[in-house]
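Given next are the chains, with one letter for each unit.
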Amino acid sequence: KLGAAEDAAGQLRGSVSALEAQIKEDAAVVQQAKDLTREVDQLKFIRDDLHEKKDAAEERNKAMEADKEVLFLESGVGDSSMHSDFREFDPSNGNWVTLSQPPWGENGRTGFGFASANGGLFTFGGISQANQVFDDVFHFVPSTGIWSDITESLSGTRPTGGHSGVGF
């Protein structure tokens, strides 16, 4: 009987070893599945990011196209005071529309530079009614109506007063 019990124990140990090996293989398969899931999630993130960049590029292109259809004007001196009017002229209907006020507020400014590029409008420098000279740079996005002060993001010498410009 002892011999039969030892044989049964040996078979049982063999079965346990086989089960342990199968568990290790299953664990490896589970780990591979987790790794693949992580990779799929990363690819989905990249895909979504690319879609967002594509959508943003399309919006910029639309804004650039819209910029080609209007004229922007920012006035300086008028009457005996400075103005801070920022307007858009639409040649298709002949109307001027007042847009959001520039960041320097109602104080007005003259002699600033003005440029249109990459779907945005830029103003730089200028002189106040009290003859204060500015070297700041602002960016306006027509599609959103938002002004941003980009002065600190620039390096080198910045332009000051004594400029003029028109953007199309």
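Our structure is the block above this text.
Heads up: these notes are all about the structure in this document. Everything numeric in this text was worked out from a predicted model, so none of it was measured.

1. Remarks on the sheet that holds strand β9 (residues 146-149)
As summarised here, the arrangement of the four strands in space is β6-β7-β8-β9, forming an open sheet in which the pairing is antiparallel. Taken across any chain shown, the strands that pair with only one partner, and hence form the sheet edges, are β6 (113-117) and β9. Across the sheet, the mean angle from the axis of one strand to that of its neighbour is 20°, orientation sign disregarded. Where β6 meets strand β7 (residues 120-127), five bridges bridge the pair, whose relative direction is antiparallel. For Phe 114, the partnering residue across the bridge sits in β7 and is Thr 123.

2. Considerations on the pattern of salt bridges
According to the stated counting rule, one finds three salt bridges in the structure shown. Asp 35 is the partner of Arg 38 in a salt bridge, and the nearest nitrogen-oxygen pair spans 2.5 Å. Within this pair, Arg 38 and its partner Asp 35 are both found in helix α1 (residues 2-67), separated by three residues, close to a single helical turn. Relative accessible area serves as the criterion here: at 30%, Asp 35 is assigned to the partly exposed category. Taking the shortest distance from any N to any O, the salt bridge between Asp 48 and Arg 47 comes out at 3.0 Å.

Analysis parameters
Residues numbered from 1 in each chain as written. Predicted model: local features only at pLDDT ≥ 70, side-chain atom pairs only at ≥ 80, totals over all residues. Heavy atoms only, no water. Pairing = 2+ DSSP bridges. Helix = DSSP H or I, 4+ residues; strand = E, 2+ residues; numbered from the N terminus. Axes fitted to C-alpha atoms, helices over the stretch in contact; angles between N-to-C directions. Salt bridge = Lys/Arg side-chain N within 4 Å of Asp/Glu carboxyl O. Buried < 20%, exposed > 50% of the residue type's maximum accessible area, 1.4 Å probe, protein only.

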